[in-house]
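Working through the structure, step by step
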Amino acid sequence: MTIWLFYLLLGMIQGFTEPIPISSSGHLVIFQELLNIQLPGLSFEIFVNFASLLAVLTVYRKDVVRLVVSLWTFLFKKDRNDDTMVDVKFIGLLLVATVPAGVLGVVFGDWIGEALSGVATVGYTLIITGLALWFIRNMRGSKGDGGITLRDAILIGLAQAAALIPGISRSGATIVMALFLGIKQETALRFSFFLFIPISLGTMILDGPVLFTDPETRELFGPLILAFLASYVLTAVSLKWFQHIMAKGELKYFSFYCWAVGILVVLFLA
């Protein structure tokens, strides 16, 4: 397998699995084990995660613009109408929900990467993810953007922190918790993917300087750009598809998938 094809394939896997509740990090671990290969370094992670971030911003561009305008209006024009206040509250709760994963990632990230990154962990956590998705598969909440509480944001943030463990899907964990708390499917999905924005930006700020010192960036710039493009396109396609799945209430199929892959991994790769 040429390095170009290798990076293309990894970018596609990362991009397609990032939005849906099957754990992108877990699938990269499985892929590494199946083909007996070493995954690329930090430059690769930064490139493909930034691509996924841009894809999320593209898909939710109207919502992003509305929130930015509302925040600007609130801060500089002192507008306090109901719609503006709902948007500003939504932004504030997103920031609150970002804190648990940010803090726990800084404190325990290295330990988790060393102790819980094995393929066996991925197998068991995929089974757990499947159970969680099955539990909330029929839940239909009533809370919209304005109904999310501070308690909801903290609990969703803690759910996102659980996704630091490979095999626990970030989108799956946050959506499961949001639906469990009575939040509407559309709102749960949007809140989950808006949570990806500050986490991804934080990663870029903390790890971005590595791009200027990592030899991989210079030596493999072409394959990295190819992985970036693949991740961007597949993230956007996968997210639009997942929106459709959520609207139809068919999360149970992701449960079946997680169970099947998790059991196979435990039986044959662990």
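The following refers to the structure shown.

Here the structure, examined in full by the defined rule, presents 18 aromatic pairs. Ring plane angle 25° and centroid distance 6.5 Å describe the contact between Y60 and F193, whose orientation is recorded as stacked. On the criterion of sequence distance, the pair formed by Y60 in the loop between α3 (42-59) and α4 (61-76) and F193 in helix α9 (residues 185-207) is long-range, its members being 133 residues apart. A single burial state applies to Y60 and to F193, both of which are buried. Ring centres of W134 and W259 lie 5.7 Å apart, and the angle between their planes is 50°; this geometry places the pair in the tilted category. Residue W134 is located in helix α6 (residues 119-135), and its partner W259 is located in helix α12 (residues 252-268); the two are separated by 125 residues in the primary sequence. The partly exposed category is assigned to W134, whose relative accessible area is 31%. A connected cluster of aromatic rings, assembled from ring pairs, spans F16, Y60, F90, F191, F193, F194, W241, F242 and F254.

So, on to the packing of α3 against α9. Where α3 meets α9, the closest approach of the two axes is 10 Å, and the angle between their N-to-C directions is 145°. Classified by chirality, the crossing of α9 by α3 is left-handed. Residues L42, I46, N49, F50, S52, L53, V56 and L57 of α3 form the contact with α9, whose own contacting residues are F193, F196, I197, S200, L201, M204 and D207. Split into classes, the residues belonging to the contact of α3 with α9 amount to 11 nonpolar, three polar and one charged.

Take the nonpolar core next. Counting 48 residues, the largest nonpolar core has Y60, F191, F194, F242 and F254 as its most contacted members. Here this core gets eight residues from one element, more than from any other, and that element is α9. Filtering out sequence-adjacent residues up to four positions away, F194 remains in contact with Y60, D63, V64, L67, F90 and L94. Membership of the second largest hydrophobic core comes to 15 residues, among which are Y7, I46, V48 and L211.

Relative to the elements of secondary structure, S255 occurs in helix α12. A distance of 3.0 Å separates a polar atom in the side chain of S255 from the backbone nitrogen of W134. The residues contacting S255, other than those within four sequence positions of it, are G130, L133 and W134.

Inspection of every chain in the model, using the stated rule, returns eight salt bridges. The closest approach of N and O atoms between R66 and D145, which form a salt bridge, is 3.9 Å. Of this pair, R66 sits in helix α4 while D145 sits in the loop between α6 and α7 (150-162), placing them 79 residues apart in sequence. The class for R66 is partly exposed, based on a relative accessible area of 32%. Between E186 and R190 there is a salt bridge; the shortest N-O distance is 3.6 Å. A residue pair is termed a helical-turn pair when its members lie 3 or 4 positions apart in one helix, as E186 and R190 do in helix α9 at four residues.

Because each turn of an α-helix spans 3.6 residues, side chains separated by three or four positions in sequence point in the same direction. Compared with an ideal rise of 1.5 Å per residue, which puts 15 residues at 21 Å, helix α1 (residues 3-17) spans 21 Å between its outermost C-alpha atoms and is within 8% of the ideal. Looking at α1, one finds that the buried residues are F6, Y7, L10, G11, I13, Q14, G15 and T17. Of the surrounding secondary structure, the elements contacted by the buried residues of α1 are α2 (24-35), α3, α10 (215-219) and α11 (221-248).

Conventions used here
Residues numbered from 1 in each chain as written. Predicted model: local features only at pLDDT ≥ 70, side-chain atom pairs only at ≥ 80, totals over all residues. Heavy atoms only, no water. Phe/Tyr/Trp six-rings, centres within 6.5 Å; stacked < 30°, edge-to-face > 60°. Helix = DSSP H or I, 4+ residues; strand = E, 2+ residues; numbered from the N terminus. Buried < 20%, exposed > 50% of the residue type's maximum accessible area, 1.4 Å probe, protein only. Axes fitted to C-alpha atoms, helices over the stretch in contact; angles between N-to-C directions. Left-handed = near helix turned anticlockwise from the far one by under 90°. Contact = heavy atoms within 4.5 Å. Nonpolar A, V, L, I, M, F, W, Y, C, P; charged D, E, K, R; others polar. Core = buried A, V, L, I, M, F, W, Y, C linked by side-chain atoms within 4.5 Å. Polar contact = N/O pair within 3.5 Å; in protein donor to acceptor, adjacent residues only side chain to side chain. Salt bridge = Lys/Arg side-chain N within 4 Å of Asp/Glu carboxyl O. Expected span 1.5 Å × (residues − 1).

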